[in-house]
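Reading the structure
Now for the letters of each chain:
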Amino acid sequence: MTAKTTASFAPGHRLMLTFLVALCILVACVLSTETNMPTQNMSNKERAELREEARDMFYHAYHAYMENAYPADELMPLSCKGRYRGVTPSRGDMDDILGNFSMTLVDTLDTLVLLGDFTEFEHAVKLVIRDVQFDSDIIVSVFETNIRMVGGLLSAHILAEYLQKHADTMHWYKGELLEMSRELGYRLLPAFNTSTGIPHARVNLRLGMKDPMLKKSRETCTACAGTILLEFAALSRLTGDPIFEVRAHAAMDALWKLRHRGSDLMGTVLNVHSGDWVRRDSGVGAGIDSYYEYLFKSYVLLGDDKYLARFNRHYNAVMKYVSEGPMLLDVLMHRPHAKSKNFMDSLLAFWPGLQVLSGDLKPAVQTHEMLYQVMQMHTFIPEAFTVDFQIHWGQHPLRPEFIESTYFLYRATGDHHYLQVGKRALKTLQQHAKVSCGYAAVNDVRTGKHEDRMDSFVLSETIKYLFLLFSDPQDLIINVDEFVFTTEAHLLPLSIAQLGNATFSFRQSDEHNVLDFMRTCPSSNKLFPEKVRKPLRNFITGSCPRTTAGKRLSALDFQASNADHLRAVYDMGITMVSVGDRSQGKAKSHEEGEMGLQFMQEMLELTKMQSINQLAQLQAVAYATDEKAQDWVALMAGPSHFSPELIGDQFVEGDVMLAQPLRACDETLENAAEAKGKILVAERGDCTFVSKARLAQKVGAVALIVCDNVPGSSGETQPMFAMSGDGKDDVLIPVVFMYSVEFGKLTAVMQRRKQQPLGVRVMQMVEFKRWQLAKAQRQNQTVAATQKPDKEL
Ligand code: DMJ
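I will try to describe carefully the structure that is included in this document. (Residues numbered from 1 in each chain as written. Predicted model: local features only at pLDDT ≥ 70, side-chain atom pairs only at ≥ 80, totals over all residues. Heavy atoms only, no water.)

**Considering empty space enclosed by the protein**
Tallied over the full model, the rule gives seven cavities of 30 Å³ or more. Size it by volume and the largest cavity reaches roughly 170 Å³. Around the largest cavity, the lining is made up of 15 residues, and of these Ile-381, His-396, Arg-399, Phe-402 and Ile-403 lie nearest the centre. Counting residues per element, the ones that place at least two in the lining of the largest cavity are α14 (401-413) and α15 (417-432). Broken down by element, the residue count for the lining of the largest cavity peaks at three residues, all from α14. Here the second largest cavity defines a volume of roughly 80 Å³. Considering the residues around the second largest cavity, the lining is formed by 13 residues, among which Gly-283, Val-284, Gly-285, Asp-330 and Asp-345 are closest to the centre. A total of three residues in the lining of the second largest cavity trace back to one element, the largest contributor, which is strand β13 (residues 343-345). Looking at the lining of the second largest cavity, its residues break down into seven nonpolar, three polar and three charged. (1 Å grid on protein atoms, 1.4 Å probe; cavity = no way out; pocket = protein on both sides within 12 Å on 5 of 7 lines; lining within 4 Å. Points joined across faces, edges and corners; volume = space filled by probe spheres on them. Helix = DSSP H or I, 4+ residues; strand = E, 2+ residues; numbered from the N terminus. Nonpolar A, V, L, I, M, F, W, Y, C, P; charged D, E, K, R; others polar.)

Laid out in structure tokens, this is it:
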């Protein structure tokens, strides 16, 4: 049923709504009159067919869940049964999502209303009221419980009341869902009792923070702590109980104080008691994504300029440091010129949608185009992909973010390209994820192998956004423009702002003048998506691994023995001075002169900061080039987050030995007996880094070198790569990562030595450099060895 109705939700924050609507109309008008769009237009008929196909997809997944899994939290689509916490074999931390509270049904309620299926909605609401309870001795994620359960219950409550008024149905409903969300909210509140006000990541539904397992709880992610306010504000305003909103505002205020005052960036993991950053990587994907989303949407929903001002400050910082063309690459919050990862994760695909809402269309079109090409290249967008668009992590759990952005771009531009993109996404799901019992996540996009997992967001977001994309506003029972979509795509009406809040007052922010941002240039209102996409058409297809050509040489990467680097610093106006040489450097151009100054500043910073940060993390695999071990060279390597750091003059020494089989993913090695005391080499792939490390440790190796499996990758052209673990700290041997080119050099030396084993030292690169420098000084040589390279970095 797709009854048409006039919306009666009064706009809560008129200014914002008017702004968004005006933006959509303006852009759509400009496009329809002036743009030549090569994208094939989609007929109304085809669009309606796709809408119905999205509806069928919904019912295929929904019925599979209801008939085979309910009241479980999730459907396991391959075994066609429910996933229950404590019953189904544990998947570790991932299971913190589950609270045995029928999550998929709660998460899905408002999609039923959007589909116009009031009968099933009413039935489902009754089931939730009858079956769902929260008094369980289970530790759950505060973030996930809030966005999926509290958000799901709240939006269902709002829509139930809406249907009472406008569809003359559900008259028996007396606010039970709101009461349930209030109860659940109370069960989450103990997590907010921290010295900073930033909530713990996890809480026990029955025991709060008194669960002994939570004694050591310290760390949370920025997104986890910063994705509470929309739901908690709605909860407070609908129940009249201010505590939720007060706590959520306080958490947002505390997070804001933790930004880096120089860069305005945030890290991804922090200590809730001390407020110290644990991970200073800063991007827009995993660990931070919805913090930015909630800053902006809190402004839209609640009308407090403070949140817009904060969003704008972060946004400018992201666009300055993280954004690189259409790509978004993590940097370090305190050293924003240093890239901290060489891959992007699929969660960042929500960013273009947020950019559309905030009115910055051009970069939204660009990033979306890049992501679309990644999708075309790998069928689905893999969980993580490198800057060369190779697969870093091949899983794809049918996430919604890319479709969400596609929807917002279509609404803002009216460009049929986005309908075509949505069609492709829909058909891909049908072809590669549909199974007889629902939709199955893809374990590896390279093989297409399925995983026994259908996350609740498939119904609450992925299919919802597809349905919305192919629906005309007039096809929908509610006017979606009068709602804010939470990060889980739950609908909260803008009218919530009118319910007021005793603790809250509308005011012009004193932190930042909002108008400053509105005056930014160029204005996105003169934007033609096709013109923006065109230059990017072959951005990734057939691309070779990228080189640093055109990229500024950073001090960290600088090697005195590299002729290109010497030329680059010369062009920046810096002359490497040998003793007796007094000639002055002159920059090739003003711009390069600026770069030179920046380079020198970094050099100074690096010398000051040798014991921390990226320079300190860079590892060296060093070996002697002569029999007497007088001359050494070092190959660059990346660290791991799960193994002990080699600090100062510490090093590990041993003969290098290749694991057999090289991937080292089995229970043991064929050459395990010889591994004791050796530095083992294993190739990346087939299993996690940490499992290779555990195996190396088990067979008695003193260190592990993981070599890359991407041909041609090199530390010379790519940012340092740090391997992530699984949160446990049982690996006691050093583990380093080596790109293919560096590893090629190592194997070449090994082959040259044939009979003789090659002994290497694994150590910090900075220590290796210091060692070499000290040696050089002893030999009374000049400071910068420009003529005679002695390192192979
Ligand atoms: C959803 O649960 C939410 O969108 C969340 O903010 C991030 N990720 C998942 C879907 O990918």
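**Quick word on the sheet that holds strand β7 (residues 277-279)**
Across the sheet, three strands lie side by side as β5-β6-β7; this open sheet has antiparallel pairing. The two strands at the open ends of the sheet, each matched to only one other strand, are β5 (219-221) and β7. If you compare each strand with its neighbour and ignore which way they point, the axes differ by 35° on average. (Pairing = 2+ DSSP bridges. Axes fitted to C-alpha atoms, helices over the stretch in contact; angles between N-to-C directions.)

**Points about the pairing of strand β18 (residues 441-444)**
Two strands pair when backbone bridges link them, and β18 and strand β19 (residues 449-451) are joined in this way by three bridges, in the antiparallel orientation. Within β19, the residue paired with Asp-444 across the bridge is Lys-449. Turn length for the β18-β19 hairpin, with the two strands adjacent in sequence and antiparallel, is four residues, and the turn residue Gly-448 shows positive phi of about 75°.

**Structural notes on unusual backbone geometry**
The omega torsion across Tyr-70 and Pro-71 is 10°, close enough to zero to call that bond cis. Residue position: Pro-71 is located in the loop between α2 (44-68) and β1 (74-76). In this model, Gln-660 is joined to Pro-661 through a cis peptide bond whose omega is -5°. For Cys-80, which is not glycine, the phi dihedral falls at a positive 55°. Inspection of the secondary structure assignment puts Cys-80 in the loop between β1 and β2 (81-83). With phi around 60°, Leu-398 is a residue other than glycine that occupies positive phi space. Leu-398 sits in the buried class, given a relative accessible area of 1%. (Buried < 20%, exposed > 50% of the residue type's maximum accessible area, 1.4 Å probe, protein only.)

**Observations concerning the packing of helix α13 (residues 361-378) against α15**
The contact between α13 and α15 brings their axes to 12 Å, and the two run at 30°. Considering the angle they form, α13 stands roughly parallel to α15. Considering the relative orientation of α13 and α15, their crossing is left-handed. For the pair α13 and α15, contact is made by Val-365, His-368, Glu-369, Tyr-372, Met-375 and Gln-376 and by His-417, Tyr-418, Val-421, Arg-424, Ala-425 and Thr-428, respectively. When grouped by side-chain class, the residues that make up the contact of α13 with α15 number six nonpolar, four polar and two charged. (Parallel < 35°, antiparallel > 145°, perpendicular 65-115°, else oblique. Left-handed = near helix turned anticlockwise from the far one by under 90°. Contact = heavy atoms within 4.5 Å.)

**So, the side chain of His-378**
Checked against the element boundaries, His-378 lands in helix α13. Relative accessible area serves as the criterion here: at 12%, His-378 is assigned to the buried category. The contacts of His-378, once residues within four sequence positions are left out, are Phe-389, Gln-390, Ile-391 and Val-445.

**So, the side chain of Thr-428**
With respect to the secondary-structure elements, Thr-428 resides in helix α15. Here Thr-428 falls in the buried class, since its relative accessible area comes to 9%. Engagement of the side chain of Thr-428 in a polar contact is seen with the backbone oxygen of Arg-424, the distance being 2.6 Å. Apart from the residues within four sequence positions on either side, Thr-428 is in contact with Met-375, Thr-379, Phe-380 and Ala-433. (Polar contact = N/O pair within 3.5 Å; in protein donor to acceptor, adjacent residues only side chain to side chain.)

**Things to note about the site of the ligand**
If you check the shell around the ligand, you find Phe-143, Ile-147, Arg-148, Leu-347, Arg-399, Pro-400, Glu-401, Phe-457, Glu-461, Thr-487 and Glu-488 and nothing else. Separating an oxygen atom of the ligand from a side-chain N or O atom of Arg-399 is a distance of 2.7 Å. Here an oxygen atom of the ligand sits 3.0 Å away from a polar atom, N or O, in the side chain of Glu-461. Protein contact buries 94% of the 290 Å² of open area that the ligand shows by itself. Only α5 (142-166) and α16 (457-469) provide two or more residues apiece to the shell around the ligand. Grouping the constituent residues of the shell around the ligand by class yields five nonpolar, one polar and five charged. (Near = heavy atom within 4 Å. Areas by Shrake-Rupley, 256 points an atom, 1.4 Å probe, with all protein chains shown as cover.)

By themselves, these observations are geometric and do not establish any function.
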